[in-house]
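Inside the fold
What follows is the residue order along each chain.
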Amino acid sequence: MGFGIGNSSSAMTDFLRQSGGYAVIDGGLATELERHGADLNDPLWSAKCLISSPHLIKTVHLDYLEAGADIIITASYQATIQGFESKGMSRDEGEALLKRSVEIACEARDTYYERCAEHHLSEGIKNDKILKKRPILVAASVGSYGAYLADGSEYDGNYGDAVTLSTLKEFHRRRVQVLAEAGPDLIAFETIPNKLEAQAFAELLEEDGINIPAWFAFNSKDGVNVVSGDSVIECASIAESCEKAIAVGINCTPPRFIRGLILSIQKVTTKPILIYPNSGETYDPDRKQWVQSTGVSDEDFVSYVSKWREYGASLIGGCCRTTPNTIKAIYKTLKSPADSPSQL
Ligand SMILES: [Zn+2]
(Lines give C-alpha, C1' and ligand atoms only; values in the text may rest on other atoms or scores of the structure.)
Protein backbone atom coordinates (compact mmCIF):
# COMPACT_ATOMS: atom_id res chain seq x y z
CA MET A 1 0.00 0.00 0.00
CA GLY A 2 1.08 3.56 -0.60
CA PHE A 3 2.62 5.83 1.95
CA GLY A 4 -0.55 7.85 1.62
CA ILE A 5 0.56 11.25 0.46
CA GLY A 6 -3.01 11.76 -0.70
CA ASN A 7 -3.97 13.44 -3.90
CA SER A 8 -4.44 17.02 -2.85
CA SER A 9 -2.49 19.55 -4.87
CA SER A 10 -0.19 20.17 -1.89
CA ALA A 11 0.69 16.47 -1.44
CA MET A 12 4.25 16.88 -2.73
CA THR A 13 4.84 20.08 -0.78
CA ASP A 14 3.75 18.26 2.39
CA PHE A 15 6.05 15.33 1.58
CA LEU A 16 8.96 17.70 0.99
CA ARG A 17 8.34 19.38 4.33
CA GLN A 18 8.58 15.99 6.05
CA SER A 19 11.74 15.24 4.08
CA GLY A 20 13.59 18.35 5.23
CA GLY A 21 12.74 20.53 2.25
CA TYR A 22 14.39 18.40 -0.43
CA ALA A 23 13.89 14.87 -1.66
CA VAL A 24 16.20 12.49 -3.47
CA ILE A 25 14.87 10.58 -6.47
CA ASP A 26 16.54 7.29 -7.42
CA GLY A 27 18.84 6.76 -10.42
CA GLY A 28 19.05 4.72 -13.60
CA LEU A 29 17.39 1.33 -13.52
CA ALA A 30 18.55 -0.35 -16.72
CA THR A 31 22.26 0.21 -16.15
CA GLU A 32 22.02 -1.25 -12.67
CA LEU A 33 19.99 -4.24 -13.80
CA GLU A 34 22.68 -4.98 -16.36
CA ARG A 35 25.37 -4.61 -13.73
CA HIS A 36 23.53 -7.27 -11.73
CA GLY A 37 23.55 -9.56 -14.74
CA ALA A 38 20.28 -8.85 -16.56
CA ASP A 39 20.23 -8.95 -20.36
CA LEU A 40 18.16 -6.03 -21.58
CA ASN A 41 18.64 -6.38 -25.31
CA ASP A 42 14.92 -6.28 -26.03
CA PRO A 43 12.29 -3.69 -27.04
CA LEU A 44 10.77 -4.10 -23.59
CA TRP A 45 14.07 -3.02 -22.08
CA SER A 46 13.99 -2.98 -18.27
CA ALA A 47 10.39 -4.24 -18.31
CA LYS A 48 11.79 -7.54 -19.55
CA CYS A 49 13.08 -8.15 -16.03
CA LEU A 50 9.50 -8.12 -14.70
CA ILE A 51 9.20 -11.45 -16.47
CA SER A 52 12.68 -12.89 -16.21
CA SER A 53 14.16 -11.60 -12.96
CA PRO A 54 11.91 -9.60 -10.62
CA HIS A 55 14.36 -10.26 -7.74
CA LEU A 56 16.98 -8.14 -9.56
CA ILE A 57 14.55 -5.23 -9.77
CA LYS A 58 13.95 -5.46 -6.03
CA THR A 59 17.72 -5.54 -5.42
CA VAL A 60 18.21 -2.37 -7.47
CA HIS A 61 15.36 -0.59 -5.64
CA LEU A 62 17.00 -1.55 -2.33
CA ASP A 63 20.39 -0.33 -3.54
CA TYR A 64 18.85 3.06 -4.27
CA LEU A 65 17.04 3.25 -0.93
CA GLU A 66 20.32 2.44 0.81
CA ALA A 67 21.97 5.17 -1.26
CA GLY A 68 19.49 7.64 0.22
CA ALA A 69 16.65 7.82 -2.32
CA ASP A 70 13.35 9.07 -0.87
CA ILE A 71 11.44 8.17 -4.04
CA ILE A 72 11.83 4.98 -6.07
CA ILE A 73 10.47 4.65 -9.58
CA THR A 74 8.97 1.34 -10.74
CA ALA A 75 10.31 -0.77 -13.61
CA SER A 76 7.32 0.02 -15.81
CA TYR A 77 8.82 2.76 -18.01
CA GLN A 78 8.70 0.60 -21.09
CA ALA A 79 6.06 -1.83 -19.79
CA THR A 80 2.89 -1.50 -21.82
CA ILE A 81 -0.01 -3.85 -22.37
CA GLN A 82 0.53 -3.48 -26.12
CA GLY A 83 4.23 -4.33 -25.76
CA PHE A 84 3.52 -7.44 -23.70
CA GLU A 85 0.83 -8.50 -26.17
CA SER A 86 3.35 -8.27 -28.98
CA LYS A 87 5.40 -10.80 -26.99
CA GLY A 88 2.47 -13.20 -27.19
CA MET A 89 1.01 -12.51 -23.78
CA SER A 90 -2.66 -12.06 -23.03
CA ARG A 91 -4.04 -8.74 -21.89
CA ASP A 92 -4.51 -10.14 -18.38
CA GLU A 93 -0.92 -11.29 -18.22
CA GLY A 94 0.28 -7.87 -19.37
CA GLU A 95 -1.84 -6.15 -16.73
CA ALA A 96 -0.52 -8.51 -14.05
CA LEU A 97 3.06 -7.55 -14.96
CA LEU A 98 2.27 -3.85 -14.68
CA LYS A 99 0.79 -4.47 -11.25
CA ARG A 100 3.83 -6.55 -10.34
CA SER A 101 6.16 -3.61 -11.05
CA VAL A 102 4.43 -1.61 -8.31
CA GLU A 103 4.34 -4.57 -5.92
CA ILE A 104 8.09 -5.14 -6.32
CA ALA A 105 8.84 -1.51 -5.42
CA CYS A 106 6.47 -1.68 -2.41
CA GLU A 107 8.15 -4.92 -1.28
CA ALA A 108 11.55 -3.27 -1.55
CA ARG A 109 10.30 -0.42 0.64
CA ASP A 110 8.96 -2.91 3.24
CA THR A 111 12.26 -4.83 3.27
CA TYR A 112 14.12 -1.55 3.61
CA TYR A 113 12.03 -0.51 6.63
CA GLU A 114 12.73 -3.92 8.20
CA ARG A 115 16.46 -3.38 7.70
CA CYS A 116 16.22 0.07 9.27
CA ALA A 117 14.38 -1.40 12.27
CA GLU A 118 16.98 -4.17 12.68
CA HIS A 119 19.84 -1.75 12.89
CA HIS A 120 18.47 0.96 15.23
CA LEU A 121 21.11 3.35 14.02
CA SER A 122 21.01 6.77 15.60
CA GLU A 123 22.91 8.38 12.74
CA GLY A 124 21.22 6.13 10.15
CA ILE A 125 24.39 5.10 8.33
CA LYS A 126 26.11 1.71 8.41
CA ASN A 127 28.94 0.57 6.13
CA ASP A 128 28.20 3.60 4.00
CA LYS A 129 24.57 2.48 3.59
CA ILE A 130 21.82 4.87 4.57
CA LEU A 131 19.40 3.00 6.83
CA LYS A 132 17.18 5.70 8.13
CA LYS A 133 13.44 5.29 8.49
CA ARG A 134 11.84 8.13 6.57
CA PRO A 135 8.84 8.70 4.31
CA ILE A 136 9.49 6.88 1.02
CA LEU A 137 7.33 7.21 -2.05
CA VAL A 138 6.78 4.68 -4.81
CA ALA A 139 6.30 6.38 -8.19
CA ALA A 140 4.81 4.23 -10.95
CA SER A 141 6.67 5.00 -14.15
CA VAL A 142 4.76 5.70 -17.33
CA GLY A 143 7.11 6.20 -20.25
CA SER A 144 5.95 8.14 -23.27
CA TYR A 145 4.47 6.59 -26.41
CA GLY A 146 7.92 6.90 -27.98
CA ALA A 147 9.34 4.60 -25.31
CA TYR A 148 6.89 1.90 -26.42
CA LEU A 149 7.89 2.37 -30.06
CA ALA A 150 11.43 1.55 -28.90
CA ASP A 151 12.90 3.47 -31.82
CA GLY A 152 14.24 6.36 -29.78
CA SER A 153 11.31 8.62 -30.69
CA GLU A 154 10.94 9.70 -27.06
CA TYR A 155 14.15 11.58 -27.85
CA ASP A 156 12.72 13.50 -30.81
CA GLY A 157 9.01 13.61 -30.03
CA ASN A 158 7.87 13.36 -33.61
CA TYR A 159 5.04 10.85 -33.68
CA GLY A 160 3.73 11.95 -37.07
CA ASP A 161 0.34 13.43 -37.98
CA ALA A 162 -1.50 10.14 -37.55
CA VAL A 163 -0.97 10.25 -33.79
CA THR A 164 -3.57 12.51 -32.19
CA LEU A 165 -4.55 13.43 -28.65
CA SER A 166 -7.09 10.64 -28.62
CA THR A 167 -4.58 8.08 -29.97
CA LEU A 168 -2.31 8.88 -27.06
CA LYS A 169 -5.09 8.81 -24.45
CA GLU A 170 -6.32 5.51 -25.84
CA PHE A 171 -2.80 4.11 -25.81
CA HIS A 172 -2.06 5.06 -22.19
CA ARG A 173 -5.49 4.79 -20.52
CA ARG A 174 -5.59 1.18 -19.35
CA ARG A 175 -1.93 1.18 -18.30
CA VAL A 176 -2.40 4.27 -16.16
CA GLN A 177 -5.55 2.75 -14.59
CA VAL A 178 -3.83 -0.57 -13.80
CA LEU A 179 -0.77 1.13 -12.32
CA ALA A 180 -2.89 3.54 -10.26
CA GLU A 181 -4.94 0.65 -8.87
CA ALA A 182 -1.80 -1.27 -7.88
CA GLY A 183 -1.23 1.14 -4.98
CA PRO A 184 1.77 3.39 -5.74
CA ASP A 185 1.89 6.86 -4.19
CA LEU A 186 1.97 8.62 -7.51
CA ILE A 187 2.41 8.19 -11.24
CA ALA A 188 5.64 9.43 -12.81
CA PHE A 189 5.00 10.51 -16.40
CA GLU A 190 8.52 10.44 -17.77
CA THR A 191 10.47 11.58 -20.81
CA ILE A 192 7.43 13.44 -22.18
CA PRO A 193 8.67 14.71 -25.54
CA ASN A 194 5.87 17.07 -26.63
CA LYS A 195 2.83 19.14 -25.61
CA LEU A 196 0.35 16.72 -27.11
CA GLU A 197 1.37 13.88 -24.84
CA ALA A 198 1.46 16.17 -21.78
CA GLN A 199 -2.13 17.15 -22.61
CA ALA A 200 -3.09 13.47 -22.99
CA PHE A 201 -1.67 12.66 -19.54
CA ALA A 202 -3.35 15.69 -17.94
CA GLU A 203 -6.72 14.65 -19.37
CA LEU A 204 -6.30 11.01 -18.33
CA LEU A 205 -5.61 12.06 -14.75
CA GLU A 206 -8.98 13.78 -14.61
CA GLU A 207 -10.86 10.66 -15.66
CA ASP A 208 -12.79 8.48 -13.23
CA GLY A 209 -10.88 5.86 -11.35
CA ILE A 210 -7.51 7.60 -11.24
CA ASN A 211 -7.26 8.44 -7.57
CA ILE A 212 -3.59 9.29 -7.25
CA PRO A 213 -1.53 12.30 -8.26
CA ALA A 214 1.30 12.42 -10.79
CA TRP A 215 4.43 14.27 -11.75
CA PHE A 216 5.29 15.43 -15.23
CA ALA A 217 8.91 15.09 -16.41
CA PHE A 218 9.88 16.41 -19.85
CA ASN A 219 13.12 15.91 -21.73
CA SER A 220 15.16 18.38 -23.71
CA LYS A 221 18.19 18.35 -25.94
CA ASP A 222 18.87 22.07 -26.16
CA GLY A 223 18.01 23.52 -22.75
CA VAL A 224 15.23 25.70 -24.22
CA ASN A 225 12.58 23.44 -25.68
CA VAL A 226 11.47 19.88 -25.06
CA VAL A 227 12.89 17.41 -27.57
CA SER A 228 10.08 17.85 -30.12
CA GLY A 229 10.78 21.58 -30.30
CA ASP A 230 7.68 22.52 -28.27
CA SER A 231 8.39 25.21 -25.71
CA VAL A 232 9.20 23.89 -22.24
CA ILE A 233 7.24 26.82 -20.82
CA GLU A 234 4.10 25.73 -22.66
CA CYS A 235 4.65 22.13 -21.59
CA ALA A 236 5.12 23.09 -17.95
CA SER A 237 2.00 25.26 -18.16
CA ILE A 238 -0.06 22.21 -19.09
CA ALA A 239 1.17 20.46 -15.93
CA GLU A 240 0.61 23.63 -13.90
CA SER A 241 -3.05 23.78 -14.85
CA CYS A 242 -3.60 20.09 -14.09
CA GLU A 243 -4.87 19.82 -10.54
CA LYS A 244 -3.51 16.33 -9.99
CA ALA A 245 0.00 17.20 -11.10
CA ILE A 246 2.00 17.60 -7.89
CA ALA A 247 5.42 18.35 -9.37
CA VAL A 248 6.84 19.26 -12.76
CA GLY A 249 10.29 19.13 -14.23
CA ILE A 250 12.85 17.42 -16.40
CA ASN A 251 14.34 13.95 -16.74
CA CYS A 252 16.76 12.19 -19.08
CA THR A 253 18.46 15.39 -20.21
CA PRO A 254 22.17 16.25 -20.03
CA PRO A 255 23.18 18.08 -16.83
CA ARG A 256 24.51 21.10 -18.74
CA PHE A 257 20.99 22.03 -19.92
CA ILE A 258 19.27 21.80 -16.56
CA ARG A 259 19.88 25.31 -15.23
CA GLY A 260 18.10 27.07 -18.09
CA LEU A 261 15.22 24.62 -17.97
CA ILE A 262 14.64 25.12 -14.24
CA LEU A 263 14.61 28.89 -14.74
CA SER A 264 12.06 28.57 -17.58
CA ILE A 265 9.78 26.20 -15.69
CA GLN A 266 9.89 28.43 -12.66
CA LYS A 267 8.28 31.23 -14.63
CA VAL A 268 5.06 29.27 -14.99
CA THR A 269 4.74 26.91 -12.07
CA THR A 270 3.91 27.10 -8.39
CA LYS A 271 4.47 23.36 -7.99
CA PRO A 272 7.70 21.76 -6.74
CA ILE A 273 10.30 21.35 -9.51
CA LEU A 274 11.93 17.98 -10.04
CA ILE A 275 14.97 17.11 -12.08
CA TYR A 276 16.62 13.80 -12.74
CA PRO A 277 19.06 14.27 -15.59
CA ASN A 278 20.95 11.53 -17.38
CA SER A 279 24.72 11.29 -17.10
CA GLY A 280 25.16 13.53 -20.15
CA GLU A 281 25.85 10.74 -22.60
CA THR A 282 23.61 10.60 -25.66
CA TYR A 283 21.42 7.77 -26.85
CA ASP A 284 21.94 6.58 -30.40
CA PRO A 285 18.62 5.08 -31.52
CA ASP A 286 20.19 3.38 -34.55
CA ARG A 287 22.85 1.60 -32.57
CA LYS A 288 20.48 1.29 -29.59
CA GLN A 289 23.21 2.27 -27.20
CA TRP A 290 24.50 5.18 -25.19
CA VAL A 291 27.40 7.04 -26.76
CA GLN A 292 29.97 8.09 -24.27
CA SER A 293 31.06 11.33 -25.91
CA THR A 294 29.83 14.05 -23.61
CA GLY A 295 29.22 12.12 -20.39
CA VAL A 296 30.08 13.68 -17.06
CA SER A 297 31.53 11.86 -14.08
CA ASP A 298 29.60 11.38 -10.84
CA GLU A 299 31.75 14.11 -9.39
CA ASP A 300 30.88 16.58 -12.13
CA PHE A 301 27.22 15.61 -11.96
CA VAL A 302 27.11 16.23 -8.27
CA SER A 303 28.92 19.55 -8.55
CA TYR A 304 25.75 20.77 -10.26
CA VAL A 305 23.41 19.65 -7.49
CA SER A 306 23.71 22.56 -5.08
CA LYS A 307 23.30 24.94 -8.05
CA TRP A 308 20.12 23.21 -9.18
CA ARG A 309 18.79 23.51 -5.67
CA GLU A 310 19.66 27.21 -5.62
CA TYR A 311 17.82 27.76 -8.90
CA GLY A 312 14.72 26.21 -7.39
CA ALA A 313 14.66 22.42 -7.81
CA SER A 314 13.52 20.54 -4.73
CA LEU A 315 13.46 16.94 -6.00
CA ILE A 316 16.74 15.74 -7.50
CA GLY A 317 17.86 12.35 -8.78
CA GLY A 318 19.36 10.70 -11.84
CA CYS A 319 18.11 9.06 -15.01
CA CYS A 320 19.95 6.88 -17.53
CA ARG A 321 23.52 5.87 -16.72
CA THR A 322 23.45 7.26 -13.19
CA THR A 323 24.13 4.78 -10.38
CA PRO A 324 23.65 4.36 -6.61
CA ASN A 325 26.95 6.22 -6.22
CA THR A 326 25.49 9.23 -8.03
CA ILE A 327 22.43 9.09 -5.79
CA LYS A 328 24.50 8.76 -2.63
CA ALA A 329 26.42 11.87 -3.61
CA ILE A 330 23.16 13.74 -4.30
CA TYR A 331 21.87 12.61 -0.90
CA LYS A 332 24.98 13.93 0.81
CA THR A 333 24.68 17.27 -0.93
CA LEU A 334 20.95 17.74 -0.35
CA LYS A 335 20.74 16.37 3.17
CA SER A 336 23.96 17.53 4.73
CA PRO A 337 22.96 19.73 7.69
CA ALA A 338 25.86 22.15 7.17
CA ASP A 339 24.57 22.90 3.72
CA SER A 340 20.90 23.13 4.52
CA PRO A 341 19.26 26.53 4.09
CA SER A 342 17.36 26.02 7.36
CA GLN A 343 20.71 26.36 9.14
CA LEU A 344 21.44 29.72 7.60
ZN1 LIG B 1 16.86 8.31 -18.92
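Reading the values: the criteria
- Residues numbered from 1 in each chain as written.
- Predicted model: local features only at pLDDT ≥ 70, side-chain atom pairs only at ≥ 80, totals over all residues.
- Heavy atoms only, no water.
- Donors = N, O, S within 2.8 Å, 3.2 Å for Na, K, Ca; no water.
- Helix = DSSP H or I, 4+ residues; strand = E, 2+ residues; numbered from the N terminus.
- Buried < 20%, exposed > 50% of the residue type's maximum accessible area, 1.4 Å probe, protein only.
- Expected span 1.5 Å × (residues − 1).
- Contact = heavy atoms within 4.5 Å.
- Salt bridge = Lys/Arg side-chain N within 4 Å of Asp/Glu carboxyl O.
- UniProt positions renumbered as here; feature names shortened; annotations may be inferred.
- 1 Å grid on protein atoms, 1.4 Å probe; cavity = no way out; pocket = protein on both sides within 12 Å on 5 of 7 lines; lining within 4 Å.
- Axes fitted to C-alpha atoms, helices over the stretch in contact; angles between N-to-C directions.
- Parallel < 35°, antiparallel > 145°, perpendicular 65-115°, else oblique.
- Left-handed = near helix turned anticlockwise from the far one by under 90°.
- Nonpolar A, V, L, I, M, F, W, Y, C, P; charged D, E, K, R; others polar.

The zinc ion binds to the protein through Cys252 (SG), Cys319 (SG) and Cys320 (SG); the donor distances cover 2.2 to 2.3 Å. Here the donor residues of the zinc ion share one chain and are spaced in sequence as C-x66-C-C. Highlighted residues: cysteine 252 in the loop between strand 8 (245–251) and helix 11 (258–268) and cysteine 320 in the loop between strand 12 (313–316) and helix 13 (324–335), separated in sequence by 68 residues. With a relative accessible area of 4%, cysteine 252 lands in the buried category. A relative accessible area of 10% means that cysteine 320 is categorised as buried.

Side chains that are three or four residues apart share a direction in an α-helix, a result of its 3.6 residues per turn. With 12 residues, helix 13 extends 16 Å from end C-alpha to end C-alpha; this agrees with the ideal 16 Å at 1.5 Å per step. All of the buried residues in helix 13 are Pro324, Thr326, Ile327, Lys328, Ile330, Tyr331, Thr333 and Leu334. Those residues of helix 13 that are buried lie in contact with strand 1 (23–24), helix 2 (30–35), helix 4 (54–66), strand 4 (129–130), helix 12 (298–311) and strand 12.

Right, let's talk about unusual backbone geometry for a bit. A positive phi is found at threonine 191, a non-glycine position, where the angle reads about 55 degrees. With respect to the helices and strands, the residue threonine 191 is situated in strand 6 (residues 186–192). Notably, cysteine 252 is not glycine yet its phi reads approximately 45 degrees, a positive angle.

Checked against the element boundaries, lysine 169 lands in helix 8 (residues 165–181). Those residues within four positions of lysine 169 in sequence are excluded, and the remaining contacts are Ala200, Glu203, Leu204 and Glu207.

Time to look at the environment of threonine 167. Looking at the element boundaries, threonine 167 is found in helix 8. The spatial distance from the C-alpha of threonine 167 to the C-alpha of alanine 200 is 9.0 Å, given a sequence separation of 33 residues.

Next up on the list: the pattern of salt bridges. Applying the stated criterion across every chain, the model contains 18 salt bridges. One salt bridge in this structure joins arginine 134 and aspartate 70, with 2.9 Å as the shortest N-O distance. Of this pair, arginine 134 sits in the loop between strand 4 and strand 5 (137–143) while aspartate 70 is found in the loop between helix 4 and strand 2 (71–73), placing the two residues 64 residues apart along the sequence. A relative accessible area of 1% means that aspartate 70 is categorised as buried. Ionic contacts of the salt-bridge type, sharing partners, join the residues Lys99, Arg100, Glu103 and Glu107 into one network.

Right, let's talk about the UniProt feature "binding site: Zn(2+)" (unreviewed entry) in the protein chain for a bit. Look at the UniProt record and you will see "binding site: Zn(2+)" (unreviewed entry) annotated at Cys252, Cys319 and Cys320. Spanning 69 residues, the named residues nonetheless gather at one spot, since no C-alpha pair among them exceeds 6.4 Å. Lining the largest cavity, from the residues just named, are Cys319 and Cys320.

This part covers the packing of helix 4 against helix 6 (residues 91–119). Where helix 4 contacts helix 6, the axes come no closer than 9 Å and their chain directions differ by 50 degrees. Classified by the angle between their axes, helix 4 and helix 6 sit oblique to one another. The element helix 4 and its partner helix 6 pack so that their crossing is right-handed. Along the contact surface, helix 4 presents Pro54, Ile57, Lys58, His61, Leu62, Leu65 and Glu66, while helix 6 presents Ile104, Ala105, Glu107, Ala108, Arg109, Thr111, Tyr112 and Arg115. Residue composition of the contact of helix 4 with helix 6, grouped by class: 8 nonpolar, 2 polar and 5 charged.

Counting through the fold element by element, threonine 322 comes out in the loop between strand 12 and helix 13. Beyond its immediate sequence surroundings of up to four residues, threonine 322 is in contact with Gly27, Gly28, Tyr64, Pro277, Asn278, Ser279 and Phe301.

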